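Structural description and commentary
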Amino acid sequence: MASLLKAFGSFFTKHPLAGNGLVYGTLYVGAEFSQQTITRKFLIDPPQDIDRPTLARYAIMGTFIYSPILYNWYKWLDKTFPGTAKRIIVKKLLLDQFVLTPPLLVIFFTGMSLMERQSSITEECRQKFVPTFARSCLFWLPAQTLNFVLVPPKFRVVYVGSCAFAWVNILCWVKRQQLMTRN
């Protein structure tokens, strides 16, 4: 086990973007898989099969879209605002929540709608952005406080990925909510 952890740490040191992408993408898909397992296997009668194309969309979003954005964002944030002083943490929290999160939510809703070939790639985002952003403030501000105070920079995306497992469960739930129809 110790040699496995050493190899994992070595891989992260040599290939941080790839390592973070694999972990974050796996956690992202894991969150959607857990949501599908609950809804399709336990809450629906008769049970349904897992929706593999949806899992693939979450894999793309988590591995190839979110992970590189987050990796570069935290790299820039830690370089621009080094340290764990209270004022530095507050700057990082505010920037993370109010500069990065809105575009990430837009990317999530429009990107998923695009991959789903929805007739309007912006409608879901228009309807769900504000309540989702409010939920993200409640979830991410405390989680990111811990991140910026306790987590070593090279593991920030992994930590965020672990938190994202819970957060993406929330996003999956929001994503499954029906859109309000316009008359």
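In the annotation of an unreviewed UniProt entry, the protein chain is listed under the name Mpv17-like protein and assigned to Anopheles atroparvus. Entered under Subcellular location (unreviewed entry) in the UniProt record, the comment concerning the protein chain runs "Membrane". Of the protein chain, the UniProt comment under Sequence similarities (unreviewed entry) reads exactly: "Belongs to the peroxisomal membrane protein PXMP2/4 family."

The subject of this paragraph is helix H6 (residues 156-176). Taking 1.5 Å per residue as the helical rise, H6 with its 21 residues ought to reach 30 Å, and the 29 Å between its terminal C-alpha atoms agrees with that figure. At Phe165, H6 shows its maximal bend, which comes to roughly 40°. The buried fraction of H6 is high, at 15 of 21 residues.

Quick look at the UniProt feature "transmembrane region" (unreviewed entry) in the protein chain now. Under the present numbering, the feature "transmembrane region" (unreviewed entry) in UniProt falls on residues 55-74, 94-112 and 157-174. Summarising residues 94-112: 100% helix, 0% strand, and an end-to-end C-alpha distance of 26 Å.

A few words on the state of the cysteines. One pass over the full model with this rule turns up zero disulfides. In this model Cys125 remains outside any disulfide bridge; the closest cysteine sulfur is found in Cys137, 15 Å from its own. On the basis of relative accessibility, which here comes to 9%, the residue Cys125 falls in the buried class.

Take a nonpolar patch on the surface next. On the surface, Ile38, Phe42, Leu43 and Ile44 cluster together into a nonpolar patch covering about 430 Å² of accessible area. For Leu43, the position within the fold is in the loop between helix H2 (16-42) and helix H3 (52-80).

Further remarks concern the environment of Tyr71. Locating Tyr71 in the fold gives a position in helix H3. The spatial distance from the C-alpha of Tyr71 to the C-alpha of Ser34 is 25 Å, given a sequence separation of 37 residues. What Tyr71 contacts, discounting residues up to four positions off in sequence, is Pro16, Leu17, Asn20 and Val157.

All right, on to the pattern of salt bridges then. The full count for this structure, using the stated rule, is seven salt bridges. One salt bridge in this structure joins Arg40 and Asp51, with 3.8 Å as the shortest N-O distance. Of the two residues, Arg40 sits in helix H2 while Asp51 sits in the loop between H2 and H3, which places them 11 residues apart along the sequence. The exposure class of Asp51 is partly exposed, given its relative accessible area of 22%. With a closest N to O distance of 2.6 Å, Lys175 and Glu124 form a salt bridge. Residue Lys175 is located in helix H6, and its partner Glu124 is located in helix H5 (residues 123-150); the two are separated by 51 residues in the primary sequence. On the accessibility criterion, Lys175 (13% relative accessible area) is buried.

Definitions and limits used
- Residues numbered from 1 in each chain as written.
- Predicted model: local features only at pLDDT ≥ 70, side-chain atom pairs only at ≥ 80, totals over all residues.
- Heavy atoms only, no water.
- UniProt positions renumbered as here; feature names shortened; annotations may be inferred.
- Helix = DSSP H or I, 4+ residues; strand = E, 2+ residues; numbered from the N terminus.
- Expected span 1.5 Å × (residues − 1).
- Bend = angle between axes of the 7 residues up to and from the residue.
- Buried < 20%, exposed > 50% of the residue type's maximum accessible area, 1.4 Å probe, protein only.
- Disulfide = S-S within 2.5 Å.
- Patch = residues over 30% accessible without salt bridge, like charges linked within 9 Å, V, L, I, M, F, W, Y side chains within 5 Å.
- Areas by Shrake-Rupley, 256 points an atom, 1.4 Å probe, with all protein chains shown as cover.
- Salt bridge = Lys/Arg side-chain N within 4 Å of Asp/Glu carboxyl O.
- Contact = heavy atoms within 4.5 Å.

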